[in-house]
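The primary structure of each chain is shown beneath.
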Amino acid sequence: MALLVITDDCTDCDACIEPCPNDAISIIEGLYIINKDLCTECVGHHEDPQCVEVCPSDCILPDPDNEETPEELQAKYESLQSAA
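Residues numbered from 1 in each chain as written. Predicted model: local features only at pLDDT ≥ 70, side-chain atom pairs only at ≥ 80, totals over all residues. Heavy atoms only, no water.

Our focus in this paragraph is the overall build of the protein chain. Scanning the protein chain from terminus to terminus reveals two helices and four strands. Helices and strands in the protein chain line up, N terminus first, as β-β-β-α-β-α. Computed over the C-alpha atoms, the radius of gyration of the protein chain is 12 Å, within 12% of the 12 Å expected from 2.2 N^0.38 for a compact globule of 84 residues. Taken over the C-alpha atoms alone, the protein chain extends approximately 35 × 25 × 25 Å along its principal axes. Here the protein chain holds 84 residues, and the buried ones make up 31% of them. (Helix = DSSP H or I, 4+ residues; strand = E, 2+ residues; numbered from the N terminus. Rg over C-alpha atoms; globule rule 2.2 N^0.38 Å. Buried < 20%, exposed > 50% of the residue type's maximum accessible area, 1.4 Å probe, protein only.)

See the structure below:
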């Protein structure tokens, strides 16, 4: 699996922000950014990444430069939960 990235096709609709259970999506200097340290692709919360499910422009794609295994995503989820 690869972590997610928001492409230039983003329409700035804000649909992806609220469903993210890890608050991994933010707007920085007018660009929607997914924080790789917070994104678990919804592992531990949902079966599928919620940002991808709600994106009307299909602009949230796997980032081949940031791949993590399901086990790494689960460990990140558990780490985030224990820090909360």
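So, next bit.
Moving on: the pairing of strand β2 (residues 25-28). Along any regular strand the residues' side chains alternate between the sheet's two faces. Sheet topology places β2 next to strand β3 (residues 31-34); four bridges connect them, and they run antiparallel. Across the sheet, I25 pairs through a bridge with I34, a residue of β3. Following β2, the chain reverses through two residues before pairing antiparallel with β3; E29 in that reversal takes a positive phi of roughly 50°. (Pairing = 2+ DSSP bridges.)

With that out of the way, let us pick up the pattern of salt bridges. One pass over the structure, following the stated rule, counts two salt bridges. A salt bridge links D63 to K36; the shortest N-O distance between them is 3.7 Å. Taken together, the positions of D63 in strand β4 (residues 60-67) and K36 in the loop between β3 and α1 (50-54) put the pair 27 residues apart, joining distant regions of the chain. What makes D63 buried here is its relative accessible area of 10%. (Salt bridge = Lys/Arg side-chain N within 4 Å of Asp/Glu carboxyl O.)

Okay, helix α2 (residues 70-83) next. For α2, built from 14 residues, the straight-helix expectation of 20 Å at 1.5 Å per residue is met to within 8% by its first-to-last C-alpha distance of 20 Å. Among the residues making up α2, those that are buried are L73, K76 and Y77. For α2, the angular spread of the buried residues around the axis is 100°, confining them to a single face. Set apart from the buried face of α2 by more than 90 degrees, the exposed residues are E71 and S82. The secondary structure elements touched by the buried residues of α2 are β1 (2-6). (Expected span 1.5 Å × (residues − 1). Arc of directions from axis to C-beta. Contact = heavy atoms within 4.5 Å.)

I6, C16, I25, I34, C51 and I60 are the most contacted members of the largest nonpolar core, which totals 16 residues. Elements with a contribution of two residues or more to this core: β1 and β3. The element that contributes the greatest number of residues to this core is β1, accounting for three residues. With residues up to four places along the chain from it excluded, the contact list for I34 reads L4, V5, I6, A24, I25, C39 and I60. (Core = buried A, V, L, I, M, F, W, Y, C linked by side-chain atoms within 4.5 Å.)

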